[in-house]
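Structural overview
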Amino acid sequence: YTPVLAWCRSIYARVLIVMGEWERAERELMRALQTYDDRGGIVGRVVALARLAELRLRQGRLEDAARLLEGHEDHPVALAAVAKLRLLRGDPATAAALLERRLEAAPPDSAATAELWSLLVRARLAQGDVAAAGRASEGLAALAMRLRHENLRGLAELAHAEVAQARGEPDAVGRAEAALETFSDLRMPFEQAEVRLRLAQFLTEGRSELAIEEARHALRGFEQLGAAREANETA
């Protein structure tokens, strides 16, 4: 049944993106988009476009992601990619406003909101609003506890680590290490490299050799994936 097959390709591509199989993910998304172009299916096409935009953002190809999202900025499926693009372009205020509006309307136990909470933490930290970032991290932690998904627990630990670092609290490194262990167990290479970069930043003062070691691991991970923007930042 072709429409369902195209939809499944988009969902499968999301799994491949998380696993670091980016070339395979792109092939699946291109096949899904071709199916929608041939047979229609606007909603399904937006899902495929949003997933491809997410991949482009991880690759550091911001302009390509923006083109994919053009005209679909208000669609709930595309919201995470739209907010992340805003954040990466230096507009955390708009990102935070979009995320909070969506979170208010979304079902409280939707796993799809986990990424929105995670992005909201970073948007609020980028604004210097540590208190709001802390509330967002608690929202993510509560969701992870209710749903008992290990990947959500890893995201929650990373969010707590980022907030703890902003507050100057001593458990930032421990929280980040817990997130790293979770993402390593789940074989989520982009998230592993991301946490290692955070650890390098956290450890810069006082434990510089360990910070350098974490940064080297992060750089290797980003380069292997083809995450150009993060690789440059890490380098």
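Above this text is the structure in question.
Quantities reported herein were computed from a predicted structural model and do not represent experimental measurements.

All right, on to the environment of His-149 then. Mapped onto the fold, His-149 is located in the loop between helix 8 (130–147) and helix 9 (150–167). Spatially, the C-alpha atom of His-149 lies 8.7 Å from that of Ala-111, the residues being 38 residues apart in sequence. Those residues in contact with His-149 that lie beyond four places of it in its chain are Ala-111 and Ala-144.

Let us now look at unusual backbone geometry. For Arg-148, which is not glycine, the phi dihedral falls at a positive 60 degrees. Position of Arg-148 relative to the elements: it lies in the loop between helix 8 and helix 9. Overall, Arg-148 belongs to the exposed group, its relative accessible area being 74%. Despite not being glycine, Arg-187 has its phi angle at roughly 55 degrees, a positive value. Following the sequence through the fold, Arg-187 ends up in the loop between helix 10 (172–185) and helix 11 (189–202).

All right, on to the pattern of salt bridges then. Scanning all chains against the criterion turns up 23 salt bridges. A salt bridge links Asp-37 to Arg-45; the nearest nitrogen and oxygen atoms lie 2.8 Å apart. The exposure class of Asp-37 is partly exposed, given its relative accessible area of 46%. Exposure remark for Arg-45: the relative accessible area of 28% places this residue in the partly exposed category. Note that Glu-54 is salt-bridged to Arg-58, the shortest N-O span being 3.8 Å. Here the residue Glu-54 and the residue Arg-58 both occupy positions in helix 3 (residues 42–59), the gap between them amounting to four residues, near one helical turn.

Looking now at the environment of Gln-165. Within the element layout of this structure, Gln-165 appears in helix 9. Residue Gln-165 is classed as partly exposed on the basis of its relative accessible area, which comes to 35%. Sequence separation between Gln-165 and Gln-201 is 36 residues; the distance between their C-alpha atoms is 9.6 Å. The residues contacting Gln-165, other than those within four sequence positions of it, are Ala-172 and Phe-202.

Of all hydrophobic cores here, the largest spans 77 residues; its most connected members are Trp-22, Leu-57, Leu-69, Leu-99, Val-195, Leu-199 and Phe-222. With residues up to four places along the chain from it excluded, the contact list for Leu-99 reads Leu-79, Ala-83, Leu-116, Leu-119 and Leu-120.

Let's shift gears to the packing of aromatic side chains. Applying the stated criterion across every chain yields a total of two aromatic pairs. Judged by centre distance (6.1 Å) and plane angle (45 degrees), the ring pair of Trp-22 and Phe-190 falls under tilted. Taken together, the positions of Trp-22 in helix 2 (residues 22–39) and Phe-190 in helix 11 put the pair 168 residues apart, joining distant regions of the chain. Exposure remark for Trp-22: the relative accessible area of 4% places this residue in the buried category. With a centroid separation of 5.7 Å and an interplanar angle of 65 degrees, the aromatic rings of Phe-190 and Phe-222 are classed as edge-to-face. With Phe-190 in helix 11 and Phe-222 in helix 12 (residues 208–225), the pair connects residues that are 32 residues apart, well separated along the chain.

Scoring rules and cut-offs
Residues numbered from 1 in each chain as written. Predicted model: local features only at pLDDT ≥ 70, side-chain atom pairs only at ≥ 80, totals over all residues. Heavy atoms only, no water. Helix = DSSP H or I, 4+ residues; strand = E, 2+ residues; numbered from the N terminus. Contact = heavy atoms within 4.5 Å. Buried < 20%, exposed > 50% of the residue type's maximum accessible area, 1.4 Å probe, protein only. Salt bridge = Lys/Arg side-chain N within 4 Å of Asp/Glu carboxyl O. Core = buried A, V, L, I, M, F, W, Y, C linked by side-chain atoms within 4.5 Å. Phe/Tyr/Trp six-rings, centres within 6.5 Å; stacked < 30°, edge-to-face > 60°.

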